[in-house]
Amino acid sequence: MSYCFNPTCPHPKNLASSQRCQSCGAPLLLTGKCGQYRAIKQLGQGGFGATFLAQNEVLPGEPSCVIKQLRPSGTAPHILQMAEELFEREAKTLGMIGNHPQIPRLLDYFKQDNQFYLVQEYISGATLQQEVKKTGCYSEAGVKQFLSEVLPLLQYIHELKVIHRDIKPANLIRRSQDARLVLIDFGAVKNQVSQTTPNPSGQTALTAYAIGTPGFAPPEQMAMRPVYSSDIYALGVTCIYLLTTKTPKDLPYNPTTGEIIWEQLVDVSDHFTRVLKKMLEVSVRNRYQSAPDVLRALDMEPYLDSLSKGLIVKSEVKSDVDIKERTNNRPDNSGVLFNEPASNGNNGVAQVAAAIRARRAKLAENSGSQSGRRERKQVIPKSQNLINTNSNGSQVNRKINSQALLTAYMKGRRDFASYNISLLNLQDSDLSGTNFHGAQLTKTNLQGTNLENSDFGRASLKEANLKDANLTKAYLSHADLEGADLRGADLSYAYMSQANLRGANLCGANLTGARISDEQLALAKINWLTVRPNGKRGFL
């Protein structure tokens, strides 16, 4: 089927082979700079445009894409000028920052018949708004993990002098192929912080447009004076939504200060309450000024250097990649949809995020704040039998077999904290960036397995086979490795503080840069092939 791009067409559906709309006579093919596009169906429509699932008929295989059509609300010169500014701004921004694995890429943009078109990647998956409606509210640990994934992304766009201005659950999609969060809808961005000079009427050309979503946008942004911390505020409101399932309009507020009243609706630690309150400060002066400030407050500062190095990936445009046809209607009808990107080679950020999650898990355990707290539901087929629950819904005796674990990992799952994984055979698997915090892995076969950046904090790895395993930057604080076989394992830059290494075999292991004490090493077996934390071999 061909779908007409004409916004006033009374019957937009046409035969697939049609060249012109049978109802209004408009051409059904768009000619851009990088291809010729035919719309298959309309995916969404909002106040400023519509999006369509389309095919690029120039490329072999006619790969799918998504086209965003910006439709001016009138034909007056100032309206057209405003629309063109919005169009150029979004295209320029996406072109500048779209080489990040958590931001959709711009594939094409052009103007045709006074309509503006952006061709973009489509993110396959559910928005956080859809996710919460389906599975319920997040736990404190879940929200901290969310922040560990989104704050580095905000740091990235802010360093490029871009303010998103529309952070909200509907604009964050968990990509189905790898479970990573992707930030969409850059139509409201501001790509400079300094204000433009107002015209005689007191308004800039964009004053009436793209100021963000009421409730999520802070006062200074609604007054058209956004700053970087405006995105921090919106992220804080998103956290409250994840914890309560309530949108800002459903939350009470202080009529004197304008502050949202939310503390009594959530069950979180005192420390996390203070962090959220500072993110939600109405006064810009009292709010966190940057994403790194929030990361430091959450005690994730040790990973900031790694984040800055791991954010930018090599831009590689593959516009001829075949993408399966999918639809993804946005619940807020803003009509901003994208095409699923290829993410091969973009594992650096995921690994860093895993390290942050490890740090977060340690903090949560040390504070004792998560005891007895309701866990977030996992959308896993019942046939896998991943979770058993007692009468009050708490997760207990969680067991899993090898095939179910590997299948869940392939589908994007990375959290197996507190699971019973003892005696399983996971040899030569890829389980990098996985959370095994507090899990039971006694006598588990992990020989040759990639466990880079995985979290084994307080996990039991007694007599586990970790021979030749990749444990680079793994988090092993307070882990029990008594009797474990670590011969030839790569433990470079692993965090092993307070880990029990009594009887562990570290012959030939690489411990370069690992956080481990001489007292711990004295309990283990080492030989002249063992690389110590200082980079030297042997017993010295």
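Residues numbered from 1 in each chain as written. Predicted model: local features only at pLDDT ≥ 70, side-chain atom pairs only at ≥ 80, totals over all residues. Heavy atoms only, no water.

Caption draft 1: Seen up close, helix α2 (residues 128-135). Along α2, the residues classified as buried are L128, Q129, E131, V132 and T135. End-on view of α2: buried residues confined to an arc of 160°, all on one side of the axis. Projecting away from the buried face of α2 at angles above 90 degrees are the exposed residues K133 and K134. At the C-terminal side of α2, G136 shows a positive phi close to 90°. (Buried < 20%, exposed > 50% of the residue type's maximum accessible area, 1.4 Å probe, protein only. Helix = DSSP H or I, 4+ residues; strand = E, 2+ residues; numbered from the N terminus. Arc of directions from axis to C-beta.)

Caption draft 2: Structural detail: the packing of aromatic side chains. Taken as a whole, this structure holds 11 aromatic pairs when the rule is applied. Ring centres of F110 and Y117 lie 5.4 Å apart, and the angle between their planes is 25°; this geometry places the pair in the stacked category. The exposure classification of F110 matches that of Y117, with both residues buried. Of the aromatic side chains, those joined through ring pairs into one cluster are Y3, F5, Y37, F52, F110 and Y117. Across from the ring centre of F272, 5.3 Å away, lies the NZ or CZ of K144, which sits over that ring. In this structure, R414 is placed above the aromatic ring of Y409, and the distance from its NZ or CZ to the ring centre is 3.7 Å. (Phe/Tyr/Trp six-rings, centres within 6.5 Å; stacked < 30°, edge-to-face > 60°. Lys NZ or Arg CZ within 6 Å of the ring centre and 35° of its normal.)

Caption draft 3: Representation of the pairing of strand β8 (residues 115-120). Most of β8 is tucked away: six of the six residues are buried. Residues Q115, Y117 and V119 line one face of β8 and the alternating positions F116, L118 and Q120 line the opposite face, and both faces are buried. Examined bridge by bridge, strand β6 (residues 64-70) and β8 share five bridges and lie antiparallel to one another. Each bridged residue has a counterpart across the sheet, and for L70 the counterpart in β8 is F116. Where strand β7 (residues 106-112) meets β8, six bridges bridge the pair, whose relative direction is antiparallel. Bridged to Y109 within β8 is L118. Here β7 folds back onto β8, and the loop between the two strands holds two residues, one of which, D113, carries a positive phi near 55°. (Pairing = 2+ DSSP bridges.)

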